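Understanding the architecture of this molecule
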Amino acid sequence: KWFHQRKGLRTAANIHDANGIQNNEMYYKQAAAALGVTNGGNIPFNVTSQNYMEALMDMIQQPISQQNDLGIDGWDFWWIDWQQGGSTGV
């Protein structure tokens, strides 16, 4: 809130998503359910899957960008710094 209200600044997050969605993330259960993951394991990053990308954006990033459980304003802008090396379906 300090950035937004007192300084009039916006915040951004540059994520490196090579590890996918980890099972210890706050909104993992919602993403796992949407993607049909039932084994409790990490969900691998898959830029070629529309379902994965929608779960990442809608269930992981959007709740954080709106506000988190600590009552802190979230991020105003996200971008993926895609550093997958040679491991991709593209």
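Everything in this summary refers to the structure shown in the same document. All of these numbers come straight from a predicted model, not from anything done at the bench.

**Regarding the overall build of the protein**
Each helix and strand in the protein was counted, giving 3 helices and 2 strands. Mapped in sequence order, the helices and strands of the protein form the string α-β-α-α-β. Out of the 90 residues belonging to the protein, those deemed buried represent 27%.

**Brief notes about the packing of aromatic side chains**
Within this structure, the stated rule accounts for 1 aromatic pair. The interplanar angle of 85° and the centroid separation of 5.6 Å between the aromatic rings of Phe45 and Tyr52 together place this pair among those described as edge-to-face. Like Tyr52, Phe45 is buried.

**Comments concerning the nonpolar core**
Ile21, Tyr27, Tyr28, Ala31, Ala32, Ile43, Phe45, Tyr52, Met53, Ala55, Leu56 and Ile60 together form the largest nonpolar core, which totals 12 residues. If you list the elements that add at least two residues to this core, you get α2 (28–35) and α3 (50–66). Broken down by element, this core gets its largest block of residues, 5 residues, from α3. Contacts of Ile21, omitting those with residues within four sequence positions, involve Tyr28, Ala31, Asn42, Ile43, Tyr52, Leu56 and Ile60.

**Quick word on α3**
Between its first and last C-alpha atoms α3 spans 22 Å; for 17 residues at 1.5 Å apiece the expected length is 24 Å, and the two agree. Remark: the principal bend of α3, roughly 25°, maps to Ile60, with a proline, Pro63, within the next four residues. Of the residues making up α3, those classed as buried are Tyr52, Met53, Ala55, Leu56, Ile60, Gln61 and Pro63. Residues of α3 that are buried sit in contact with β1 (12–15), α2 and β2 (77–80).

**A look at α2**
Inspection of α2 places Tyr28, Ala31 and Ala32 among the buried residues, and these make up the whole buried set. For α2, the arc enclosing every buried residue in end-on projection is 100°, short of the 170-degree limit, so these residues lie on one face. Exposed side of α2, more than 90 degrees from the buried face: Lys29 and Ala33 are the residues found there. Structurally, α2 contributes buried residues whose contacts are with α3.

**Details of the packing of α2 against α3**
How two helices pack is summed up by the angle between their axes together with the distance between the axes. Two numbers describe how α2 lies on α3: the axes approach to 9 Å, and their chain directions differ by 150°. In terms of orientation, α2 and α3 fall into the roughly antiparallel class. Our pair here, α2 against α3, has a crossing hand that is right-handed. Seen from α2, the contacting residues are Tyr28, Gln30, Ala31, Ala34 and Leu35; seen from α3, they are Asn51, Tyr52, Ala55, Met59 and Ile60.

The rules behind each value
- Residues numbered from 1 in each chain as written.
- Predicted model: local features only at pLDDT ≥ 70, side-chain atom pairs only at ≥ 80, totals over all residues.
- Heavy atoms only, no water.
- Helix = DSSP H or I, 4+ residues; strand = E, 2+ residues; numbered from the N terminus.
- Buried < 20%, exposed > 50% of the residue type's maximum accessible area, 1.4 Å probe, protein only.
- Phe/Tyr/Trp six-rings, centres within 6.5 Å; stacked < 30°, edge-to-face > 60°.
- Core = buried A, V, L, I, M, F, W, Y, C linked by side-chain atoms within 4.5 Å.
- Contact = heavy atoms within 4.5 Å.
- Expected span 1.5 Å × (residues − 1).
- Bend = angle between axes of the 7 residues up to and from the residue.
- Arc of directions from axis to C-beta.
- Axes fitted to C-alpha atoms, helices over the stretch in contact; angles between N-to-C directions.
- Parallel < 35°, antiparallel > 145°, perpendicular 65-115°, else oblique.
- Left-handed = near helix turned anticlockwise from the far one by under 90°.

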